[in-house]
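Inside the fold
What follows is the residue order along each chain.
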Amino acid sequence: MGSAVITARAAATFDPVGRSVATARAFVRDTLQGWGYSDVVDDAVVLTSELVTNAVIHAGTSADVLCLRTEQGVRVEVADRYPEREVPIQGSSRSFANADQENGRGLLLCAALASRWGVEYSPAFKRVWFQLELPQRPVGTRSAGPVLPTDLLPVADERVRVAVVQIDRTGAVTNWNEDAEHIFGYPDEQVVGKPLTDIAAWPHTPGIGTGIAEALQLSRWEGSYGIRAADGRVIAVYASHLRVRDTHGEPSTVCLLVRDHERAVIQTPLRTPAAEAGSESRIVDPFEVFIGSPAPDDLDGLLQRTVERARDMLDGDSAFLLLATDDETELEVRASTGLPSARQRFARVPVEAGAGRFGSARMPAVHEDLAAVPGAVPLLNGTGMRSVVTVPLKVEGRLTGSLGVAAEGAGRYTNEEALRLQFAADRIALAVESARLGELERLRRGSLSFLVEASDLLAGTLDRDQTLALMAQMTVPTLATWCAVYTIADQASDPYLSYVLHEDEDRIDGLKALLSKIAPPDPVPTPGARIWNAPAEAVHLAALRTSMQDLGRNSPPLSLGIDTTLETAAAVGGETVVLPLVARNRVIGMLTLGKPSDDHFRQEILELAEDLSRRAALALDNARLYSERTAISQALQRSLLPPGLPQVPGVEVEVIYRAAGEGNEVGGDFYDLFPIRDGAYGFAIGDVCGTGPEAAAVTGLARHALRLLAREGFSGPAVLERLNAAILDEGARSRFLTLLYGELWPQEDGSAVLKVVCAGHPLPLRLRQDGTVEPAAEPQPLLGVMEDLELYEQTVTLDPGDVLLCVTDGVTERREGTRMLGDDGLADVLTTCTGLTAGAVAARVLRAVERFAAEPASDDMAILAMRVPEPHAD
């Protein structure tokens, strides 16, 4: 402190525990007030709180606090035992710590509030000091302002009148001086004995929500309000109230009132922070003084800084700030200090908890001892706090939040502290509301992006299991810690646990086991989230029984049948909500979201989850419908295919079938091989005009008609003629049909005789042992066009080693640009199959067709290969 003479010294050491911060604040406050330095107490307490916090919380060492008094001011030194800790040095080129960080803010405040400050290092400790100077004024002067030019002095009337009004404990006027009569026009006999509030024009002081009646009860108060004069005019006045006791010990309030434009006569000069060393004094925004500079950009940072400053300002042990929900019916805890944050964050309390100003968050309230009124402040239940002061945050008369400071001792706060806290709340209310609206807008934009992405993902699949997985993965961990999806097959079915997900994969099995042992939630179709307590109750009970067993106590076996631990209870035992999955006016399931122990869902998250549940329900129902219809379609299609190929003695038979179109097993092409009578077999391969369900319907008609007519003993031409008539009978549903039908007789000499009819179908090809390929039939008219058909059959004999290849036009009409495989291309492929089995021949043909073009086939394909094997040599 240079050459200044030290006139007093006080020192104390504080252990590295959180409680030491409050103790250090009390030490500095008591010391400076004892020295008579009330002008600098608030700044000193705030700076000490920050520096001790850096030492005992962030550095983790004890803190030595030294207060030195001189005639000019006070110097406070805070030393910790962590010299290696990185701290910006005064005058260096390095920038200060980020104001959004928990540590480093004390140095920013030193630069803003202290006259001088600095950092000193030694091998054993680091010391941060700051100096606060007292205003220069004559001895005995409480406060003084600088010498001002005449033109800057405040303007007053020719005769300055100060109304002196005294109010008794009931609020009635007991003294009314001549200046009061002159200013307001009432003689003393008209007002003495009447409440001052009868002539007060503004019942509530603008900006703080405190009524004049309440202001009269405070030990000291300054502010503006209006008095209705005798002529009906409202006269704006500036008032200074002082609460005193008369000679009989009765309390009363002395009010000094002047016209508002003469407020300088009685207004207490505002104390501004000292300027930085070497710089000129500057006007500092009250918000900046309270919050610090720079103010945090994010809402959470601003709220956290606010509760810390409020706690320090009133020398409290804890502080909390609540923000109003959108409908302003509840307040939500958004920041706290000195309280268990995991339990308090996002907890909600009603705005109107009871009658009167002490039961509502809309008015300031002081509770001297919470032990005398249990439950008066539910937020503080079980925290050890005894006294609390709360004030509202208001913007344009609208409640936006509540700020509170609490202490462990009883009777710590009075109406005067409530007024100081209310002034602070008024300073930050607008900034908090602006930041809250900004956060809400960012949340809404994020929610919209989330829902758009979720809709795209859900619309991209029609698989039920994948839809369930997407629903869970989109909610965990974005919206909840864990998620369970229940599905309901039909109205008569109970909910079924279909999918479970937890952000910690190691807990998924335990969670699934837990939920499978308790009754599912009721499928209530009412929209919106509802609380489901069963999981939390079950897991806590199981964890308690597990703990009792670990202690060796006798207890019944766990009813859940799982090894539930206290860790599992903490992970699952928080708030659980159920949202119905409603699609097409039917509850098809429930989406269950859960939080870890003592955690709750924010309203914005629940609204977002509700939007997601509606989209997910429709996607899940679409997947169900698609799965059902696909299963039905595939079952019907499979019924159109032969149940199996019979074993034909002495003949190898191989069939390859490919239906065009996703999800199709049967199209317009078909094949069949079936026994007709002893020693005779019928075979067919056909192609119905078109693809899809319509073509498949004609396929079924043709295949079943062929079997029925052939087994009735009709010849090949007669079978096809009757089939032609049946197709024409379908009318508009009929389709053209090309068909190769034949009957096969294996011979004792190892050959096989075939009688075939080729009705508009690609001709069958015969491969001889010498590699020659030739058509095995002649073309005849297709079916489904003309009523009168004259068909004939042709006889073909397959010698040992010969192959008969039958295909549909999906093979021969395979295209690549302008090229087509055609009959000649197929014949070329077949010439390379000499000596191959029937299966190898069919496979080589299919491979050649697939390699002919890069694009997938757009037409159905059927390949039927029959080969008479060569006799084995002995």
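Quick look at the structure, then. (Residues numbered from 1 in each chain as written. Predicted model: local features only at pLDDT ≥ 70, side-chain atom pairs only at ≥ 80, totals over all residues. Heavy atoms only, no water.)

The subject of this paragraph is the overall build of the protein chain. Of regular secondary structure, the protein chain possesses 20 helices and 33 strands. Taking as baseline every contact in the protein chain between residues at least 6 positions apart, the subset at least 24 positions apart corresponds to 62%. With the model as given, the accessible surface of the protein chain reaches about 41,700 Å², and the carbon-plus-sulfur share is 51%. (Helix = DSSP H or I, 4+ residues; strand = E, 2+ residues; numbered from the N terminus. Contact = heavy atoms within 4.5 Å. Areas by Shrake-Rupley, 256 points an atom, 1.4 Å probe, with all protein chains shown as cover.)

This part is about the side chain of Thr592. Locating Thr592 in the fold gives a position in strand β21 (residues 586-594). Among the residues examined, Thr592 registers a relative accessible area of 0% and is labelled buried. (Buried < 20%, exposed > 50% of the residue type's maximum accessible area, 1.4 Å probe, protein only.)

The subject of this paragraph is the sheet that holds strand β29 (residues 794-798). Sheets are built from strands that pair by backbone hydrogen bonding, the pairs being arranged parallel or antiparallel. Pairing in this open sheet of 5 strands is antiparallel, and the strands run β23-β24-β25-β26-β29 from one edge to the other. The sheet is open, and its two borders are formed by β23 (669-677) and β29, each paired with just one other strand. Ignoring which end each strand starts from, the neighbouring axes of this sheet average 20° apart. Examined bridge by bridge, β23 and strand β24 (residues 680-688) share 8 bridges and lie antiparallel to one another. In the strand pairing of β24, Phe670 is matched with Gly686. (Pairing = 2+ DSSP bridges. Axes fitted to C-alpha atoms, helices over the stretch in contact; angles between N-to-C directions.)

This part takes up the nonpolar core. Of all hydrophobic cores here, the largest spans 38 residues; its most connected members are Leu32 and Phe130. At the level of secondary structure, the elements contributing two or more residues to this core comprise β1 (8-14), α1 (19-35), α2 (41-59), β2 (63-69), β3 (73-80), α3 (105-113), β4 (116-121) and β5 (126-133). It is α2 that contributes the most residues to this core, 9 residues altogether. (Core = buried A, V, L, I, M, F, W, Y, C linked by side-chain atoms within 4.5 Å.)

Two elements in contact, helix α19 (residues 822-831) and helix α20 (residues 838-852), have axes whose closest approach is 10 Å; the angle formed by their N-to-C orientations is 135°. Relative to α20, α19 is oriented oblique. Crossing of α19 over α20 shows right-handed handedness. On α20, the residues touching Leu826, Val829 and Leu830 of α19 are Val841, Arg844, Val845 and Ala848. The class makeup of the residues in the contact of α19 with α20 is 6 nonpolar, no polar and 1 charged. (Parallel < 35°, antiparallel > 145°, perpendicular 65-115°, else oblique. Left-handed = near helix turned anticlockwise from the far one by under 90°. Nonpolar A, V, L, I, M, F, W, Y, C, P; charged D, E, K, R; others polar.)

What follows covers the packing of aromatic side chains. Under the definition given, this model contains 5 aromatic pairs. With centroids separated by 5.9 Å and ring planes inclined at 45°, the aromatic side chains of Trp176 and Phe184 adopt a geometry described as tilted. Pairwise contacts between aromatic rings join Trp176, Phe184 and Tyr186 into one cluster. Arg75 extends its terminal NZ or CZ atom over the ring of Trp129, reaching a point 4.2 Å from the ring centre. (Phe/Tyr/Trp six-rings, centres within 6.5 Å; stacked < 30°, edge-to-face > 60°. Lys NZ or Arg CZ within 6 Å of the ring centre and 35° of its normal.)

Below, the discussion takes up the pairing of strand β20 (residues 576-583). In terms of residue burial, β20 counts as a mostly covered element, since 7 of its 8 residues are buried. Strand direction decides the pairing type here: strand β19 (residues 530-531) and β20, joined by 2 bridges, are antiparallel. The partner of Ile531 across the bridge, within β20, is Val577. Taken together, the 8 bridges between β20 and β21 define a ladder with antiparallel strand orientation. Along β21, the bridge assignment pairs Pro580 with Met590.

The next subject is unusual backbone geometry. With an omega of 0°, the peptide bond running from Val476 to Pro477 counts as cis. Note that Pro477 resides in the loop between α11 (464-475) and β17 (482-487). Positive phi, normally seen in glycine, also occurs at Asp315, with a value near 55°. One can find Asp315 in the loop between α8 (299-313) and β11 (318-324). For Asp315, a relative accessible area of 10% translates into the label buried.

It is worth spelling out the side chain of Ser62 at this point. You can see Ser62 is positioned in the loop between α2 and β2. Once you skip the residues sitting within four places of it in the chain, Ser62 turns out to touch Thr13, Phe14, Asp15, Pro16, Ala79, Asp80 and Arg81.

A few words on the pairing of β11. With 7 of 7 residues buried, β11 is to be regarded as a mostly interior element. Judged by which residues are buried, β11 turns out to be covered on both faces: Ser318, Phe320, Leu322 and Ala324 on one side and Ala319, Leu321 and Leu323 on the other are all buried. Pairing of β11 with strand β12 (residues 330-337), which is carried by 6 bridges, proceeds in the antiparallel orientation. When the sheet's bridge partners are listed, Ala319 is paired in β12 with Thr337.

Taken together, the side chains of Glu178, Glu181, Asp188 and Glu189 present a region of like negative charge at the surface. Listing elements by their share of the negative patch, those giving two or more residues are α4 (178-184) and α5 (188-191). Mapping Glu181 onto the fold places it in helix α4. Since its relative accessible area comes to 37%, Glu181 is described here as partly exposed. (Patch = residues over 30% accessible without salt bridge, like charges linked within 9 Å, V, L, I, M, F, W, Y side chains within 5 Å. Salt bridge = Lys/Arg side-chain N within 4 Å of Asp/Glu carboxyl O. Lys, Arg positive; Asp, Glu negative; His and termini not counted. Charge placed at Lys NZ, Arg CZ, Asp CG, Glu CD.)

Once that is clear, we can look at the pattern of salt bridges. If the charged atoms of two oppositely charged side chains come close together, the side chains can form a pair. Scanning all chains against the criterion turns up 32 salt bridges. Across the salt bridge formed by Glu120 and Arg75, the nearest N and O atoms sit 3.6 Å from each other. Note that Glu120 is positioned in strand β4 and Arg75 in strand β3, a separation of 45 residues in sequence. What makes Glu120 partly exposed here is its relative accessible area of 31%.

Taken together, the 5 strands give an open sheet; going across it, the order is β18-β17-β21-β20-β19, and neighbouring strands pair in antiparallel fashion. Two strands bound the open sheet, and with one partner strand each, they are β18 (496-502) and β19. In terms of strand pairing, β17 meets β21 through 6 bridges, oriented antiparallel. Bridge pairing in β21 places Ala484 opposite Thr592. Sheet strands in contact with α11 are β17, β18, β20 and β21, and its direction is about 40° off that of β18. Sheet strands in contact with helix α12 (residues 508-517) are β17 and β18, and its direction is about 150° off that of β18.

Before going further, it helps to spend a moment on helix α17 (residues 716-728). Between its terminal C-alpha atoms α17 stretches 19 Å, which fits the 18 Å expected from 13 residues at 1.5 Å a residue. Taken as a whole, α17 has its buried residues at Gly716, Pro717, Ala718, Val719, Leu720, Leu723, Asn724 and Ile727. (Expected span 1.5 Å × (residues − 1).)

Moving on, we get to α19. Residues separated by three or four positions in an α-helix point in the same direction, a consequence of the helix having 3.6 residues per turn. All of the buried residues in α19 are Gly822, Gly825, Leu826, Ala827, Val829 and Leu830. Where α19 is buried, its residues contact β27 (765-767), β28 (773-775), β30 (803-807), α18 (809-812), β32 (819-820) and α20.

This part takes up a nonpolar patch on the surface. Among the surface-exposed residues, Leu148, Leu152 and Leu153 lie close enough to one another that they form a single nonpolar patch of about 290 Å² accessible area. For Leu153, the position within the fold is in the loop between β5 and β6 (163-167). The exposure class of Leu153 is partly exposed, given its relative accessible area of 45%.

Remember that the coordinates give geometry; whether it matters functionally is a separate question.
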